[in-house]
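Listed below are the residues making up each chain.
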Amino acid sequence: MNRDADTTTQDTAPDDAREHEPRKGWRRIAAVAAIAGPGLVAANAGNDAAGIATYASAGSQFVYGTLFFMVLVTIALVMVQEMAVRLGAYTGKGLGALIREQFSLRLTALAVFCLLLANTGLVVSEFAGIGAAFELLGVPKWAVIPPAALLLWALVLFGSYRWAERIFLIMSLAFFAYPVAMVLGHPDWGQVGSHLAIPHIEGSQAFILLAVALIGTTVSPYMQFYAAAGVVDRGAKPEDYRLIRADAILGAVFACLISLTIIIATAAAIGGTGPLQSAAQAAEALKPVAGQGAELLFAFGLIGASALAGAVVPLSASYAVGEAAGVERSVSRRFRDAPLFLGLFTAQIILGASVALTPVNVIQLLIGTQVLQGLISPVVLVYLLVLTNRRSVLGAAANGPRYRIAATAVVLAVAAMSTILLVQTLLSWMGWA
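Residues numbered from 1 in each chain as written. Predicted model: local features only at pLDDT ≥ 70, side-chain atom pairs only at ≥ 80, totals over all residues. Heavy atoms only, no water.

Asks: What is the right way to look at the nonpolar core in this model?
Replies: Soluble globular proteins tend to bury their nonpolar side chains together. Grouped together as the largest cluster of nonpolar side chains are 132 residues, with contacts concentrated most on L95, F127, F168, F298 and L315. No other element matches helix 15 (residues 292–325), which puts 16 residues into this core. (Core = buried A, V, L, I, M, F, W, Y, C linked by side-chain atoms within 4.5 Å. Buried < 20%, exposed > 50% of the residue type's maximum accessible area, 1.4 Å probe, protein only. Helix = DSSP H or I, 4+ residues; strand = E, 2+ residues; numbered from the N terminus.)

Asks: How do you make sense of unusual backbone geometry when you look at a structure like this?
Replies: Phi angles above zero are rare outside glycine, and V63 is one such case at about 55 degrees. You can see V63 is positioned in the loop between helix 3 (49–62) and helix 4 (67–91). Relative accessible area serves as the criterion here: at 28%, V63 is assigned to the partly exposed category. Its identity is not glycine, yet H186 carries a phi of approximately 55 degrees, on the positive side. Owing to a relative accessible area of 69%, H186 belongs among the exposed residues under this scheme.

Asks: Mind showing me how you'd approach the side chain of H195 here?
Replies: Secondary-structure assignment places H195 in helix 10 (residues 189–197). Within polar-contact distance, the side chain of H195 engages the backbone oxygen of Q191 at 3.0 Å. With residues up to four places along the chain from it excluded, the contact list for H195 reads Y64, G65, L67, F68 and H200. (Polar contact = N/O pair within 3.5 Å; in protein donor to acceptor, adjacent residues only side chain to side chain. Contact = heavy atoms within 4.5 Å.)

Asks: Is there a simple way to think about the confidence of the model for the protein chain in this case?
Replies: Caution is warranted with low-pLDDT regions, since their predicted coordinates should not be read in detail. Taken as a whole, the protein chain shows an average pLDDT of 80; of its residues, 85% reach a score of 70 or greater. The weakest mean pLDDT in the protein chain belongs to helix 1 (residues 2–35) at 49; the strongest belongs to helix 10 at 93. Scored below 50 in pLDDT, residues 1–14 shows 0 contacts in the model against residues more than four places distant or in partner chains. (pLDDT = per-residue confidence, 0-100.)

Asks: Just checking my understanding: could you explain the pattern of salt bridges for this structure?
Replies: Pairs can form between side chains of opposite charge whenever their charged atoms are close. Tallied over the full model, the rule gives 2 salt bridges. Among the salt bridges present, the one from E101 reaches K93, with a minimum N-O distance of 2.8 Å. Overall, E101 belongs to the partly exposed group, its relative accessible area being 39%. (Salt bridge = Lys/Arg side-chain N within 4 Å of Asp/Glu carboxyl O.)

Shown next, in the form of structure tokens:
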């Protein structure tokens, strides 16, 4: 009797295991979908109007020449975003709060103030991007920017963090327009594969400055503030870290893949024609070569990208200021509970939309914000590295020896490139370059 029972158990156990394997797989996918959010949203927000213009300019100016460099940038973004979400998951605090606790209040105030100024300029460019994209579709910007600002403001003011995050993730679907536009451009896949695998470096000042711009627009300080704060706002715990880490890595890789498709799309259609001044100009340039479908897809992607960044950029500044000041900060709170956090978000939305409605020179505005981003980027990344190295902050989750070396190399490289961009922009302003 016992032998039969044992035999029955042995015979049925593999079948039961096989039946449970698909279920386990679906449960894992569902778990990843449930925790996914801050990393993906933060990384995708980096593909904003300014980012799209930079990637499109890389394709139009140097064809496929920057593809390998973007592979290196992807590695840098993965490491930086992973460190940011690890801090949020294991400490339960955002980057601004940790900087305030671990470093000088004056240095913290300076970094946060510069971040606020730079982000406000970026908010203007995001609303300008929304207006420019709709103008490609024949809709004037004055009819689009005010309702867009109202919708983004209401999304944050009257929703919970979970609800707002899901909307942000839905906005991210607009980025799939760029791979389709890339295919419509009929690129030379052999050249694409070659430039992805083999380093291509040019010694010209134009190539170096564009490389710096690619780093600056891909690894932006506000993304680290939002990623860490988003993890905290959604109530993630240390035991959630594996899924949070997967979200950060997948988000960074996805965002950079979209960046690559933008470069390839413009390279295939208008490569070698010279630099572009805006994402809208890139969309218009695609029409006679890749067809109206590619132009419309590019415009659609620009709308989604600008709308996503139009919410995430001011939120990151609000998180940073709220954390540095030690006050309530959460999308799930009401105005009376978090007046500084939500009031600052509201002010940035109003100012950004209002300035975007004027005949502002968006290119000059972006140059100004790049100066500020170049100023704070090395500071924020050094703070991020030091915090993740400290066992007093992260305990056993602190950077190990090998990771510390790799992360230090990444931070130093990004800081050096950001410094070059800052110096070059200042020299340009003064007419010396």
